[in-house]
Amino acid sequence: MSEKYREITNFVRETFGEPEEFIPLHAPVFAGNEKKYVDSTIDSTFVSSVGEYVNRFEEMLVEITGAKYAVAIVNGTCALHLALQIAKVERGDEVITQPLTFVATANAIAHAGGIPHFVDVDADTLGMSAQKLAERLENIAEIKGDECFNKETGRKISACLPMHTFGFPLRIDEIVAVCDEYKIPVVEDAAESLGSFYREKHTGTFGLLGTFSFNGNKIVTCGGGGAIITDDEELAKRARHLSTTAKKAHAWKYVHDEIAYNYRLTNLSAALGCAQLEQLDKFIENKRELAKIYADFFASKQIEFVREIANSKANCWLATILLENEIERDDFLAFSNSNGVMCRPAWQLMNELSMYDDCPKGNLENSLELEKRIVNIPSSVREI
Ligand SMILES: *Cc1c(COP(=O)(O)O)cnc(C)c1O
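Described below are features of the structure shown in this document. (Residues numbered from 1 in each chain as written. Predicted model: local features only at pLDDT ≥ 70, side-chain atom pairs only at ≥ 80, totals over all residues. Heavy atoms only, no water.)

### As for the overall build of the chain
- Helix and strand content of the chain: twelve helices and 16 strands.
- Against the 2.2 N^0.38 benchmark of 21 Å for 384 residues, the chain shows a C-alpha radius of gyration of 21 Å, consistent with a compact globule.
- With respect to the three principal axes, the spread of C-alpha positions in the chain is 65 × 60 × 35 Å.
- In the chain, buried positions account for 56% of the 384 residues. (Helix = DSSP H or I, 4+ residues; strand = E, 2+ residues; numbered from the N terminus. Rg over C-alpha atoms; globule rule 2.2 N^0.38 Å. Buried < 20%, exposed > 50% of the residue type's maximum accessible area, 1.4 Å probe, protein only.)

Put into structure tokens, the structure is as follows:
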């Protein structure tokens, strides 16, 4: 077995041209205008939440995603929280999401006052399964007027929050179709899928609202950052208003008309983000090339390498293999990490975390199986 593990780690080293050095899972690359733009915010003194880069950052996101509106937010978790509130998630409502996700997805539901309700993922996309969602709703949902309720708990189901895992697009059109039938608004957690398309439409643009993260480990980074996208002008205005303390526009008066947030991205962070977004296409091309090299290698070793499904184009943010079982996964992780090749398992499933272990859930067989087998391997943009 350890022979196989050595072959994998050696191949990763070869691919990154690093025979000796530590190889991180994903390191940011600053090869463009980062320093120039960040310096210019300092020179201008506009380092905080007002400034040309925040606006430019939003315009670039509109350009990249094809969404009508983008609102820059301080990080991806806050973007999710605000998007759920704008989608009218209220205290005590249920929000359907997947158990295989980063904890921020479930936390944002809780921050909005909601209770996560877990529906399984598809084994090929690693994202929410439309079929499992339809089956679950068939069993527990009841439509009253234009709202959907969980018959078992009596609670309103006020949103569905699927997540495009590791940048692989899920079958989002099918999720939206099921949710439309049940009158449930869809918010997409596209934190990991900037630059990923499904049926030639950008992830995050299928639901009522979509959100991104620009944390240091994502495909492009602001240091910390996030965004909400939508085609709905009113919702975009609401996102802008609530993220900036609900301050009414006035030349000099302080008037705030609701309890709101200080969630606006800073100009300093947006400057870094703009320089990064300029390189997004190059980064994706680079990562797709890496995915191809990995795919050929793992095929020759009869190891499962996760690929985008038909009709989709993934940003290939994090390369993912599926090992045989939990024992092999843990053995490989122990070997690779102690040999300077940083690899990581999937997140512990949300329904297994102490905060969420009594939340409602459907049959989670695929998530349970995948969690035991997923390993992310080094995926940084290589020398450009
Ligand atoms: C990174 C991430 C977030 C949160 O983003 P932050 O910017 O770190 O707050 C949310 N959901 C998923 C799936 C993520 O990977």
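### Looking at the layout of surface pockets
- The space that makes up the largest pocket amounts to roughly 510 Å³.
- Lining the largest pocket are 28 residues, with Phe 102, Asn 217, Lys 218, Trp 317 and Trp 347 sitting closest to its centre.
- Among the secondary structure elements, those contributing two or more residues to the lining of the largest pocket are α4 (76-86), α5 (103-111) and β15 (344-345).
- Top contributing element to the lining of the largest pocket by residue count: α4, with three residues. (1 Å grid on protein atoms, 1.4 Å probe; cavity = no way out; pocket = protein on both sides within 12 Å on 5 of 7 lines; lining within 4 Å. Points joined across faces, edges and corners; volume = space filled by probe spheres on them.)

### Digging into the packing of aromatic side chains
- Applying the stated criterion across every chain, the model contains 13 aromatic pairs.
- Judged by centre distance (5.2 Å) and plane angle (35°), the ring pair of Tyr 37 and Tyr 53 falls under tilted. Residue Tyr 37 is found in helix α2 (residues 34-44), and its partner Tyr 53 is found in helix α3 (residues 52-65); the two are separated by 16 residues along the sequence. Accessibility classification places Tyr 37 together with Tyr 53 in one group, the buried group. (Phe/Tyr/Trp six-rings, centres within 6.5 Å; stacked < 30°, edge-to-face > 60°.)

### A look at the site of the ligand
- Contacts to the ligand come from 15 residues, most closely from Gly 76, Thr 77, Glu 192, Ser 213 and Lys 218.
- Take Thr 77: an N or O atom from its side chain is 2.5 Å from an oxygen atom of the ligand.
- The protein chains hide 93% of the 380 Å² of surface that the ligand would expose on its own.
- One can see that the ligand is located within the largest pocket.
- Residue composition of the shell around the ligand, grouped by class: four nonpolar, eight polar and three charged. (Near = heavy atom within 4 Å. Polar contact = N/O pair within 3.5 Å; in protein donor to acceptor, adjacent residues only side chain to side chain. Areas by Shrake-Rupley, 256 points an atom, 1.4 Å probe, with all protein chains shown as cover. Sits in = over half its atoms within 2 Å of the grid points. Nonpolar A, V, L, I, M, F, W, Y, C, P; charged D, E, K, R; others polar.)

### Structural notes on the packing of helix α1 (residues 2-16) against helix α11 (residues 326-338)
- At a minimum axis separation of 10 Å, α1 and α11 run at an interaxial angle of 55°. The orientation of α1 relative to α11 falls into the category oblique. Every pair of crossing elements has a handedness; the one defined by α1 and α11 is right-handed. Mapping the contact onto sequence places Ser 2, Lys 4, Tyr 5, Arg 6, Ile 8 and Thr 9 in α1 and Glu 328, Asp 331, Phe 332, Phe 335 and Ser 336 in α11.
- Residues that form the contact of α1 with α11 fall into these classes: four nonpolar, three polar and four charged. (Axes fitted to C-alpha atoms, helices over the stretch in contact; angles between N-to-C directions. Parallel < 35°, antiparallel > 145°, perpendicular 65-115°, else oblique. Left-handed = near helix turned anticlockwise from the far one by under 90°. Contact = heavy atoms within 4.5 Å.)

### Quick look at the sheet that holds strand β6 (residues 157-161)
- Taken together, three strands build an open sheet; the order of strands is β3-β2-β6 and the sheet is parallel. The strands lining the two open edges of the sheet, one partner per strand, are β3 (115-118) and β6. Ignoring strand direction, the axes of neighbouring strands in this sheet form an average angle of 30°.
- Strand direction decides the pairing type here: strand β2 (residues 94-97) and β6, joined by four bridges, are parallel. In the strand pairing of β6, Val 95 is matched with Ala 159. (Pairing = 2+ DSSP bridges.)

### Some details on the sheet that holds strand β13 (residues 312-313)
- Judged by pairing direction, the sheet is antiparallel, and its three strands sit side by side in the order β9-β8-β13 without closing on themselves. Whereas interior strands pair on both sides, the edge strands pair on one side only; in this sheet they are β9 (201-202) and β13.
- Where strand β8 (residues 197-198) meets β13, two bridges bridge the pair, whose relative direction is antiparallel. Note that in β13 the partner of Tyr 198 across the bridge is Ser 312.

### A few points about the side chain of Asp 93
- In this structure, Asp 93 sits in the loop between α4 and β2.
- No salt bridge forms around the buried Asp 93; measuring N to O, its nearest opposite-charge neighbour Lys 156 is 4.7 Å away. (Lys, Arg positive; Asp, Glu negative; His and termini not counted. Salt bridge = Lys/Arg side-chain N within 4 Å of Asp/Glu carboxyl O.)

### Points about the pairing of strand β1 (residues 69-73)
- The element β1 is largely enclosed, with a buried count of four among its five residues.
- Sheet topology places β1 next to strand β11 (residues 226-230); five bridges connect them, and they run antiparallel. Along β11, the bridge assignment pairs Ala 70 with Ile 229.

### Quick word on the environment of Ala 112
- By the element assignment, Ala 112 lies in the loop between α5 and β3.
- Judged by relative accessible area, which is 12%, Ala 112 ranks as buried.
- A C-alpha to C-alpha distance of 5.7 Å links Ala 112 and His 81, two positions 31 residues apart in sequence.
- Excluding its chain neighbours within four sequence positions, the residues that come into contact with Ala 112 are His 81, Leu 84, Val 89, Glu 90 and Arg 91.

### Quick look at the packing of α4 against α5
- Between α4 and α5, the least distance of the axes is 8 Å, while the angle of their chain directions is 45°. One element, α4, and the other, α5, form an angle in the oblique class. Judged by the twist between their axes, the crossing of α4 over α5 is right-handed. On α5, the residues that touch Thr 77, Leu 80, His 81 and Leu 84 of α4 are Ala 104, Thr 105, Ala 108, Ile 109 and His 111.
- By residue class, the composition of the contact of α4 with α5 is five nonpolar, four polar and no charged.

### Side note on α5
- Taken residue by residue, α5 has Ala 104, Thr 105, Ala 106, Ala 108 and Ile 109 as its buried positions.
- Those residues of α5 hidden inside the fold are in contact with α4, β2, β3, β6 and β7 (187-189).
- Gly 113 lies just past α5 and shows a positive phi near 90°.

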